[in-house]
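Structure assessment
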Amino acid sequence: MSQHRVAVIQAGTSLFNTPQTLDRMEAHCEAAAAQGVELAVFPEAYVGGYPKGLSFGAILGSRFPEGREDYLRYWKSAIDVPGAETARIGSFAAKMKAHLVVGVIERDGATLYCTALFFGPDGALLGKHRKLMPTGTERLVWGQGDGSTIPVFETDIGRIGAAICWENYMPDLRQSMYARGINLWCAPTVDERDIWQASMRHIAYEGRTFVLSACQYMTRADAPEQYACHQGNNPETVLIRGGSVIINPLGEIIAGPIYDREAIVTADIDLDDVIRGKYDLDVAGHYARPDIFNLQVNNECKSPVSFSAPETNASIFETIPE
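These numbers were taken from a predicted model, which means no experiment stands behind them. (Residues numbered from 1 in each chain as written. Predicted model: local features only at pLDDT ≥ 70, side-chain atom pairs only at ≥ 80, totals over all residues. Heavy atoms only, no water.)

**Comments concerning the packing of helix H1 (residues 18-34) against helix H3 (residues 84-96)**
What counts is decided by this rule: To obtain an axis, a line is fitted to C-alpha atoms, over the contacting stretch when the element is a helix, and the angle between two such axes runs from 0 to 180 degrees between their N-to-C directions. Helix and strand assignments follow DSSP, with helices taken as H or I runs no shorter than four residues and strands as E runs no shorter than two, numbered in order from the N terminus. Throughout, the term roughly parallel applies to angles under 35 degrees, roughly antiparallel to angles over 145, roughly perpendicular to angles from 65 to 115, and oblique to all others. Take the far helix as your reference; a near helix turned counterclockwise from it by less than a right angle gives a left-handed crossing, and one turned clockwise gives a right-handed crossing. Two residues qualify as a contact provided that any one of their heavy atoms is within 4.5 Å of a heavy atom in the partner residue. Residue polarity is assigned by list, with Asp, Glu, Lys and Arg as charged and Ala, Val, Leu, Ile, Met, Phe, Trp, Tyr, Cys and Pro as nonpolar; anything else, Gly included, falls into the polar class.
Where H1 meets H3, the axes come as close as 9 Å, and the angle between the chain directions of the two elements is 10°. By the angle between their axes, H1 is roughly parallel relative to H3. As for how H1 packs across H3, the hand of that crossing is right-handed. The segment H1 lies against H3, with Thr18, Pro19, Leu22, Asp23, Met25, Glu26, Cys29, Ala32 and Ala33 engaging Glu85, Arg88, Ile89, Phe92, Lys95 and Met96. Tallied by class, residues from the contact of H1 with H3 come to nine nonpolar, one polar and five charged.

**Here's the deal with unusual backbone geometry**
Selection criterion: Think of it in three bands: with a 1.4 Å probe and only protein chains considered, a residue is buried below 20% of the maximum accessible area for its type, exposed above 50%, and partly exposed in between.
Cis geometry marks the peptide bond from Val81 to Pro82; its omega dihedral reads 0°. Inspection of the secondary structure puts Pro82 in the loop between helix H2 (65-77) and H3. With an omega dihedral of -10°, the bond running from Gly256 to Pro257 counts as a cis peptide bond. Mapped onto the secondary structure, Pro257 falls in strand E14 (residues 253-259). For Phe16, which is not glycine, the phi torsion reads 65° and is therefore positive. By secondary structure assignment, the location of Phe16 is in the loop between strand E1 (3-10) and H1. Backbone geometry at Cys165 places phi at a positive 50°, although glycine is not the residue there. Mapped onto the elements of the fold, Cys165 is located in the loop between strand E9 (158-162) and helix H4 (171-179). You can call Cys165 buried: its relative accessible area is 5%.

**A few points about the environment of Glu85**
Here Glu85 shows up in helix H3. Sequence separation of Glu85 and Val274 is 189 residues, and the distance between their C-alpha atoms is 35 Å.

**Thoughts on the pattern of salt bridges**
Where we set the bar: The rule for a salt bridge is simple: a side-chain nitrogen of Lys or Arg has to be within 4 Å of a carboxyl oxygen of Asp or Glu.
All told, the structure shown has 23 salt bridges when counted by the stated rule. The residue Glu106 makes a salt bridge to Lys128 at a minimum N-O spacing of 2.6 Å. With Glu106 in strand E5 (residues 99-108) and Lys128 in strand E7 (residues 125-130), the pair connects residues that are 22 residues apart, well separated along the chain. The salt bridge involving Arg174 is made with Glu206; its shortest N-O contact spans 2.8 Å. Residue Arg174 is located in helix H4, and its partner Glu206 is located in helix H5 (residues 194-207); the two are separated by 32 residues in the primary sequence. For the residue pair Arg174 and Glu206, the accessibility class agrees, reading buried in each case. What you see here is one network of salt bridges that share partners, running through Asp23, Glu26, Arg88 and Lys95.

Dropping the structure here:
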């Protein structure tokens, strides 16, 4: 079947309270399941949080102790992949009997990554995508992903992949995903600006793909009292206003955008529209010019330290027998 119901979930994080965020996520998943969705996409940094307005105690050339405490609190809110939290999220997907894409803050050692996780309708963790290039001051608290986590998953509802927020503006990343045949382009974000809508329509039209962009709706009340953001302390202050949207392969908006409230945005789609769209524009096929342009993608995992042989438990201080 080529027809499916998909959704983007516009919701906010309970910042620095991951268990409560997961409780809220479970409620949203139950509501989406009641609408019969086969794919649900949650926003960027939904689990772990996007601490908008927080300075992390840094100015150019200096870091201050309060920023180290903020980072510690952020690190404690992040999740291991895989781990207990991913198991719980997988249970949401299994109860929905739907595919699930969600933005998380992934903890790997002492480093944090802005990551998108993919779950199957059986609850299995299919894989992840780490944001390749954190934007602006995000680079202070997030590491960079590498080419080993740019997946496009072949599923029974289409080929699913994700680009997070401003990495949607990376032409080479887009082309690499078009070449993998993506037709369900998930765009978790916190970009609430009007121009984001134009960008999402452009990607849908350029790649002849469905675009599902999920943005957070978050207010100051979603953050703890001890939260020195520059927007102030009025609990009604909107930190991220939403704008979640679903777009078809001809760049036409078919659901949303919605602002200033939490919402589940759904659309019924026909994947055959991808082929209909590529009739006259296939940028990784008949509209490419490989005789002029060539893109090479390094999809190897890049570890900062590698060892030539497996380590053993033997101590280097063991006594040598006489």
